[in-house]
Amino acid sequence: MKNFTSLTLLCLIAGAAIAQQPGATPSKNTNPVSKSRILQVDSAVVTKHSVTIKGKAVPYTATAGSMPIWDDDGRPVAGVFYTYYERDDVSDRASRPLVISFNGGPGTPSVWMEIGYTGPRRLNTDNEGYPVQPYGIEDNNNSILDVADIVYIDPVNTGYSRIVDKETAGTKFFGVNEDIKYLAEWINTFVTRKNRWASPKFLIGESYGTTRASGLALELQDAQWMYLNGVILVSPTDLGIERNGPVQAALKLPYFAATAWYHGMLAPDLQQKELTTFLPEVENFTINELIPALSRGGFIDSTQRNAIAAKMAKYSGISEKVILGNNLNVSYDLFWKELLRDKGFTVGRLDSRYRGIDRQAYGDSPDYNAELTAWLHEFTPAMQIYLRNDLNYKTDLKYNMFGNVWPWDNKNDHTGENLRQAIAENPYLHLLIQSGYFDGACDYFNAKYSLWQLDPSGRLKDRLKWEGYKSGHMLYLRKEDLATATENLRKFIQESIPKAGTPAKY
């Protein structure tokens, strides 16, 4: 990879970590990134690079910087950090797709997909995604930069993004609908500044970022008059779609089964099956037998209760005694603790391929999330190295891998319905969902259920698609899945752009 260190520096300073008073003189510093913990809310550093993708050299410009969020009087109240990758050898920017990328938390930046999945540089890992030393960054030969430009956005208090006005409360930003509203305004400004209104546009979100992207699809249409070609949900949340009672209790089982299969905890007749051949059997049992059984509660016939428990034990790898003792409703926490208890391990939440070791075998939940510890182990140094050495963004401001966004207002989450409405309003708009079979935080079968509920009429389903991968929450960390998933993103982007002149109509 070529990194030309004689860099162009852009300095459009409109504020600092403590907002400038009206009429104040902007800083004279020609380097927008200073040796301080003060955020320059309207500044950027530009660098030139090249990466080989699918055997072809792709030259590109990277911009790392911050743009403001304004109040009603036009004063900057926060700075949102972003990194923007634009392919250089493009003659027609109007037809070049733009991908707008978020991660989740809701208190995490876009580091995970930027240097793990779609960006031009990727952190060093082994083939399954586990940390290795020395830490660092390498070219991502699977990046989607060959087919689309990408902007990665860090919401307020994540990454380098900060509130810069002491009088502005976090409640302006920290909530389902507040988050969507201010980010839609920010995206409008970004698209306008970068002259990308003509470009086909896509949102991609991971984890809580799927809640964000689903809500933004409608907010951008209805409040910013910006229409998308596609929304990609990676490891989606429940999107505010109701699934209480028996449905909520039952939908966990296919994920339990996938995890038990991975760890070799099933009977030989099931263990020898290919995962994607085995899981439909569990899914059918869940829908056709388990939900009706749970609906009867304590009044289910004891013979039927025992038969259901026996099947659940067969599929989940945990004992009938535990299942019966929990009234056929085993919690996620208990499953993570119980599955490998006799072997002295717990399994991870976000990726159940990972194993942890607790202080004691007893208890009903793990001491820590084994996978998250591993990810912070590898992503944190890699991102620090990348920002400073590759992107030349040098600051003493702390990069928040997890920022304080609490209390977060979760009320009135209708993002699933918002997404459905956006798709119905816009005949161009397509949806792709990608899930990891071993993800216990946003499990794959709940993602399927959300997909089914997004289209109760059945009239939109030709534009809705779900894909599964033999990974966890960050399905791209496994290199085999990285190659497949990014190729599927390319296809989705290309197939979601209509032929020139095709009208958006039913």
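Up top you'll find the structure we're talking about.
If you're wondering where the values come from, they're calculated on a predicted model, not measured in any experiment.

Draft legend 1. The overall build of the chain, seen in detail. Per the secondary structure count, the chain includes 14 helices and 16 strands. Its C-alpha atoms give the chain a radius of gyration of 24 Å, within 12% of the compact-globule value 23 Å for 506 residues. The proportion of buried residues among the 506 residues of the chain is 58%. The long-range fraction of contacts in the chain, counting pairs at least 24 apart against all pairs at least 6 apart in sequence, stands at 72%. For the chain, the accessible area works out to roughly 21,000 Å², and carbon and sulfur atoms hold 49% of it. Separation of charge centres in the chain, based on 54 positive and 57 negative side chains, amounts to 3 Å.

Draft legend 2. Inspection of the side chain of aspartate 443 at higher detail. Among the secondary structure elements, aspartate 443 is positioned in the loop between β15 (430-436) and α13 (444-454). Buried within the structure, aspartate 443 lacks any salt-bridge partner; arginine 243 is the closest side chain of opposite charge, at an N-O distance of 7.2 Å. A polar contact of 3.2 Å, which involves the side chain of aspartate 443, links it to the backbone nitrogen of phenylalanine 445. A polar contact of 2.8 Å, which involves the side chain of aspartate 443, links it to the side chain of asparagine 446. What aspartate 443 contacts, discounting residues up to four positions off in sequence, is Leu251, Tyr255 and Tyr332.

Draft legend 3. Spatial organisation of the packing of aromatic side chains. Under the defined criterion, the tally for this structure stands at 34 aromatic pairs. Taking the centre distance of 5.5 Å and the plane angle of 10 degrees together, the rings of tryptophan 186 and phenylalanine 190 count as stacked. Here tryptophan 186 pairs with phenylalanine 190, and both are found in helix α2 (residues 176-193), just 4 residues apart, close to one helical turn. Each member of the pair, tryptophan 186 as well as phenylalanine 190, carries the same accessibility label: buried. An aromatic cluster of three or more residues is present, and its members are Phe173, Phe174, Tyr182, Tyr208 and Trp408. Taking NZ or CZ as reference, lysine 448 lies 4.6 Å from the ring centre of tryptophan 466, over its face.

Draft legend 4. Molecular detail of the packing of helix α7 (residues 275-295) against helix α8 (residues 302-316). In contact at an axis separation of 11 Å, α7 and α8 are set at 155 degrees when each is read in the N-to-C sense. On the basis of their axis angle, the class for α7 and α8 is roughly antiparallel. Handedness of the α7/α8 crossing: left-handed. Note on element contacts: α8 touches α7 through Gln304, Ile308, Lys311, Met312 and Tyr315, opposite Phe278, Glu281, Val282, Phe285, Glu289, Leu290 and Ala293. Residue classes in the contact of α7 with α8 are distributed as 8 nonpolar, 1 polar and 3 charged.

Draft legend 5. A look at the nonpolar core. Ile187, Phe278 and Leu431 are the most contacted members of the largest nonpolar core, which totals 96 residues. Apart from residues lying up to four places away in sequence, leucine 431 is in contact with Val231, Leu233, Leu419, Ile423, Leu451, Leu454, Arg463, Leu464, Lys465 and Phe492. In this structure, Val111, Ile137, Leu397 and Phe492 belong to the second largest nonpolar core, which totals 58 residues.

Draft legend 6. Summary view of the pattern of salt bridges. Going through the model one piece at a time under the given rule, you end up with 30 salt bridges. Close ionic contact of lysine 48 with aspartate 88 constitutes a salt bridge, the shortest N to O distance being 3.8 Å. Of this pair, lysine 48 sits in strand β3 (residues 43-53) while aspartate 88 sits in the loop between β5 (76-87) and β6 (98-102), placing them 40 residues apart in sequence. Here aspartate 88 falls in the partly exposed class, since its relative accessible area comes to 32%. Where arginine 93 meets aspartate 149, a salt bridge forms, and the shortest distance between an N and an O atom there is 2.9 Å. Taken together, the residues span a long stretch of sequence, with arginine 93 in the loop between β5 and β6 and aspartate 149 in strand β9 (residues 149-154) at a distance of 56 residues.

Draft legend 7. Highlighting the pairing of β6. Judged by how many residues are buried, β6 sits mostly within the fold: 5 of 5 residues are covered. Every second residue of β6 is oriented toward a common face, with Leu98, Ile100 and Phe102 on one face and Val99 and Ser101 on the other, all of them buried. Taken together, the 4 bridges between β6 and β9 define a ladder with parallel strand orientation. From the neighbouring strand, valine 99 faces β9, where its bridge partner is isoleucine 150. As paired strands, β6 and strand β11 (residues 201-207) are joined by 5 bridges and run parallel to one another. Bridging across to β11, phenylalanine 102 finds its partner in glycine 205.

Draft legend 8. Main features of the environment of tryptophan 261. Residue position: tryptophan 261 is located in helix α5 (residues 253-262). Residues tryptophan 261 and tyrosine 315 lie 54 residues apart in sequence; the distance between their C-alpha atoms is 8.6 Å. Here tryptophan 261 is in contact with Leu266, Leu270, Gln271, Lys273, Leu275, Phe278 and Phe438, once residues within four sequence places are set aside. Of note is the side chain of tryptophan 261, whose polar atom sits 3.0 Å from the backbone oxygen of lysine 273.

Draft legend 9. Seen up close, unusual backbone geometry. With an omega dihedral of 5 degrees, the bond running from glutamine 133 to proline 134 counts as a cis peptide bond. Along the polypeptide, proline 134 turns up in the loop between β7 (121-123) and β8 (137-139). Here tryptophan 406 and proline 407 are connected by a cis peptide whose omega angle stands at 0 degrees. A positive phi angle is found at asparagine 195, which is not glycine, with a value near 60 degrees. Within the element layout of this structure, asparagine 195 appears in the loop between α2 and β11.

Draft legend 10. Representation of the pairing of β3. Burial runs high along β3: 8 of the 11 residues are buried. Looking at chain direction, β3 and strand β4 (residues 56-70) are connected through 11 bridges and run antiparallel. If you follow valine 45 over to β4, its bridge partner there is alanine 64. The turn linking β3 back onto β4 is made up of 2 residues, and lysine 54 within it adopts a positive phi angle of 55 degrees.

Draft legend 11. Representation of helix α1 (residues 111-118) within the structure. Counting buried residues in α1 gives 8 out of 8 residues, a clear majority hidden from the surface. Looking at α1, one finds that the buried residues are Val111, Trp112, Met113, Glu114, Ile115, Gly116, Tyr117 and Thr118.

Draft legend 12. Broad picture of the packing of α5 against α7. Running from N to C, α5 and α7 point in directions that differ by 150 degrees, and their axes come no closer than 9 Å. Classified by the angle between their axes, α5 and α7 sit roughly antiparallel to one another. Crossing angle aside, the handedness with which α5 passes α7 is right-handed. Facing Leu253, Pro254, Ala257, Ala258 and Trp261 of α5, the residues of α7 in contact are Leu275, Phe278, Leu279, Val282, Glu283, Phe285, Thr286 and Leu290.

Calculation criteria
Residues numbered from 1 in each chain as written. Predicted model: local features only at pLDDT ≥ 70, side-chain atom pairs only at ≥ 80, totals over all residues. Heavy atoms only, no water. Helix = DSSP H or I, 4+ residues; strand = E, 2+ residues; numbered from the N terminus. Rg over C-alpha atoms; globule rule 2.2 N^0.38 Å. Buried < 20%, exposed > 50% of the residue type's maximum accessible area, 1.4 Å probe, protein only. Contact = heavy atoms within 4.5 Å. Areas by Shrake-Rupley, 256 points an atom, 1.4 Å probe, with all protein chains shown as cover. Lys, Arg positive; Asp, Glu negative; His and termini not counted. Charge placed at Lys NZ, Arg CZ, Asp CG, Glu CD. Salt bridge = Lys/Arg side-chain N within 4 Å of Asp/Glu carboxyl O. Polar contact = N/O pair within 3.5 Å; in protein donor to acceptor, adjacent residues only side chain to side chain. Phe/Tyr/Trp six-rings, centres within 6.5 Å; stacked < 30°, edge-to-face > 60°. Lys NZ or Arg CZ within 6 Å of the ring centre and 35° of its normal. Axes fitted to C-alpha atoms, helices over the stretch in contact; angles between N-to-C directions. Parallel < 35°, antiparallel > 145°, perpendicular 65-115°, else oblique. Left-handed = near helix turned anticlockwise from the far one by under 90°. Nonpolar A, V, L, I, M, F, W, Y, C, P; charged D, E, K, R; others polar. Core = buried A, V, L, I, M, F, W, Y, C linked by side-chain atoms within 4.5 Å. Pairing = 2+ DSSP bridges.

Fair warning: the whole summary comes from geometry, so function is off the table for now.
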